[in-house]
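Listed here are the chains, written in short residue letters.
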Amino acid sequence: MKILVINAGSSSLKYQLIDMENENVLAKGLCDRIGLDGKFVHNANGEKLEMDHPMPNHAEAIKVVLAHLTDAKWGVIKDVAEISAVGHRVVNGGEVFVEATLMDAEKIDTLESLTEFAPLHNPAAVTGLRACLEVMGADVPQVTVYDTAFHYGMPKTAAIYPIPYEYYEKYGIRRFGAHGTSHGYVAGECAKLLGKDIKDLKIVTCHLGNGSSITAVDGGRCVDTSMGFTPLAGVLMGTRCGDIDPAVAMFIMNKENLTPDEMNNIMNKKSGALGLSGVSNDFRDLDAAASEGNERAQLALDMFTYQVTKYIGSYAAAMGGVDAIVFTAGIGENNNVMRSDIVKNLKFLGVEMNEEENSKRGEARVVSTPESKVKVCVIPTNEELAIARQTLAVINK
Ligand code: AMP
């Protein structure tokens, strides 16, 4: 059974075709600059194709993808009919779509009505869904997989904001969280790696990338997560401020005479590591600048380490203990110094890093010592595979 995973952006569309018998990726690629000049990248059969290819809209992009998946040279299947289902990544399902869902035209309209919860991302997913329906026909199941779904069941104590309750009732303002597909995936892989039933584990999953979020997973369920109503909350990120006193935003708006949109832009695009350091949003650049003596770059790195430590500690308290800490995503998977610094801060929990294992690169592994009371794992995230697995589960229902 083969599943096509689609991650649609406003002008891009990433795809993977996964054979679910062995979970192998048969082909993957990217349609970029859709509606502009169009760039197409396709990896299959050990080779890579890169070309300019005008794609005026997402439907045309899907056609290009399907044509290449079935192409004599670049293809990996003979017929589009071999694709059993399509899994679509969706950033926010609100309180309507709280699990992976088989879509139809009516449900796509409902999803469209949730645009204001993820104004940059949800419309692209809707466009991708409609494009697939148009090109592939109604017989191929189109399943949506939500980044918010894994977090949806968290207790109200973690989900609701202490503002007038009517805003939750009127507008649905609550903590949704993000990166849920990644957190759910690495928590599951962590249990497999440790040879334990996830129901018996308290895990803190740290998805640390350009956007970062931390989640408390108790018995396989999310009980709290650092991102909030939007992905602006939590630890500082590449360009996002994370948690700040909300009054700071009003203060700056008054002083600088800014509109809400302008302030939103500053908090999302000009803050975080970039705003602090004035150097870059990329942590590799920060490392390089800090090693040359740039104090603000060092401050950004130190603050990130401090804030991640605080979240892990608070989630250990929230769950009444922690059995495992998982690091994933660009920084979490690759920055062994950051991992080591965070774990050193958490020594009081009885966690101890095996520095030799920690300095290696590679696959999912345990990087704490055998004596460590809390296990530390590095697990490469694989959101596409997680989407394909959830899609399969939906169509098998
Ligand atoms: P992501 O959003 O998951 O792609 O992560 C992006 C972040 O990961 C950036 O801040 C990068 O600096 C960091 N990153 C990616 N690769 C590496 C690497 N090999 N070593 C250190 N940091 C990395």
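1. As for the overall build of the protein chain
Phase 1: Helix and strand counts for the protein chain stand at 15 helices and 14 strands.
Phase 2: A compact globule built from 397 residues should have a C-alpha radius of gyration of about 21 Å, and the protein chain, at 22 Å, falls within 12% of that.
Phase 3: By its C-alpha atoms, the protein chain is 55 × 55 × 45 Å across when sized along the principal axes.
Phase 4: Split into buried and exposed, the 397 residues of the protein chain put 49% on the buried side.
Phase 5: Taking all contacts inside the protein chain whose residues are at least 6 apart in sequence as the whole, residues at least 24 apart take part in 58%.
Phase 6: Here the protein chain holds 38 positive side-chain charges and 51 negative ones, and the gap between their average locations is 3 Å.

2. A few points about the pairing of strand S9 (residues 202-208)
Phase 1: Of all the 7 residues making up S9, 6 are buried; the element is thus mostly covered by neighbouring parts of the structure.
Phase 2: As paired strands, S9 and strand S10 (residues 212-218) are joined by 7 bridges and run antiparallel to one another. Paired with threonine 205 across the bridge in S10 is threonine 215.
Phase 3: Connecting S9 to the next strand, S10, in antiparallel fashion are 3 residues.

3. A look at the side chain of serine 277
Phase 1: Relative to the assigned elements, serine 277 resides in helix H9 (residues 272-277).
Phase 2: Note on serine 277: relative accessible area 4%, which makes it buried.
Phase 3: Reaching out from serine 277, the side chain makes a polar contact with the backbone oxygen of alanine 273 at a distance of 2.7 Å.
Phase 4: At 3.5 Å, the side chain of serine 277 and the backbone nitrogen of serine 280 are in polar contact.

4. Here we look at the nonpolar core
Phase 1: Formed by 36 residues in total, the largest nonpolar core has its most connected members in Cys206, Leu208, Ile214, Phe304 and Val308.
Phase 2: At the level of elements, S9, S10, helix H10 (283-291), helix H11 (295-319), strand S12 (324-328), helix H13 (336-345) and strand S14 (375-378) are the ones that each hand at least two residues to this core.
Phase 3: With 10 residues, the top contributor of residues to this core is H11.
Phase 4: Excluding anything up to four places from it in sequence, phenylalanine 304 contacts Leu208, Ser212, Val235, Leu236, Phe283, Ile331 and Met338.
Phase 5: Counting 29 residues, the second largest nonpolar core, distinct from the first, contains Ala44, Ala61, Val64 and Ala124.

5. Thoughts on the sheet that holds S12
Phase 1: On the basis of which strands lie adjacent, the open sheet formed by 6 strands has the order S11-S10-S9-S12-S14-S13 and mixed pairing. Two strands in the sheet have a free side with no partner beyond their single neighbour: strand S11 (221-225) and strand S13 (365-366).
Phase 2: Looking at chain direction, S10 and S11 are connected through 4 bridges and run antiparallel. Among the inter-strand pairings, aspartate 218 is bridged to a residue of S11, identified as arginine 221.

6. Looking at the environment of alanine 324
Phase 1: Within the secondary structure, alanine 324 is located in strand S12.
Phase 2: Each residue touching alanine 324, except ones within four places of it in the same chain, is listed here: Cys190, Leu194, Lys202, Ile203, Val204, Val374 and Lys375.

7. Some details on the packing of H11 against H13
Phase 1: One can describe the packing of H11 onto H13 by two numbers: an axis separation of 9 Å at closest approach and a directional angle of 50°. Between H11 and H13, the angle falls in the class oblique. In this structure, the crossing between H11 and H13 has a hand that is right-handed. Within the contact between the two elements, H11 uses Leu301, Phe304, Thr305, Val308, Thr309 and Ile312 and H13 uses Met338, Asp341, Ile342 and Asn345.

8. Some details on the packing of aromatic side chains
Phase 1: One pass over the structure, following the stated rule, counts 9 aromatic pairs.
Phase 2: Where tyrosine 15 meets phenylalanine 40, the ring centres are 6.3 Å apart and the plane angle is 10°; that geometry is what we call stacked. Note that tyrosine 15 is positioned in strand S2 (residues 13-19) and phenylalanine 40 in strand S4 (residues 39-44), a separation of 25 residues in sequence. Each of the two residues, tyrosine 15 as well as phenylalanine 40, counts as buried.
Phase 3: Seen in terms of ring centroids, tyrosine 165 and tyrosine 168 are 5.5 Å apart; in terms of plane orientation they differ by 70°. Their pairing is edge-to-face. Of the two residues, tyrosine 165 and tyrosine 168 are both situated in helix H5 (residues 165-171); the distance of 3 residues between them amounts to about one turn of the helix.
Phase 4: Residue class for tyrosine 168 comes out buried when judged on its relative accessible area of 16%.
Phase 5: In textbook terms, an aromatic cluster arises when at least three aromatic residues are bridged by ring pairs, as seen for Phe117, Phe176 and Phe229.

Conventions adopted
Residues numbered from 1 in each chain as written. Predicted model: local features only at pLDDT ≥ 70, side-chain atom pairs only at ≥ 80, totals over all residues. Heavy atoms only, no water. Helix = DSSP H or I, 4+ residues; strand = E, 2+ residues; numbered from the N terminus. Rg over C-alpha atoms; globule rule 2.2 N^0.38 Å. Buried < 20%, exposed > 50% of the residue type's maximum accessible area, 1.4 Å probe, protein only. Contact = heavy atoms within 4.5 Å. Lys, Arg positive; Asp, Glu negative; His and termini not counted. Charge placed at Lys NZ, Arg CZ, Asp CG, Glu CD. Pairing = 2+ DSSP bridges. Polar contact = N/O pair within 3.5 Å; in protein donor to acceptor, adjacent residues only side chain to side chain. Core = buried A, V, L, I, M, F, W, Y, C linked by side-chain atoms within 4.5 Å. Axes fitted to C-alpha atoms, helices over the stretch in contact; angles between N-to-C directions. Parallel < 35°, antiparallel > 145°, perpendicular 65-115°, else oblique. Left-handed = near helix turned anticlockwise from the far one by under 90°. Phe/Tyr/Trp six-rings, centres within 6.5 Å; stacked < 30°, edge-to-face > 60°.

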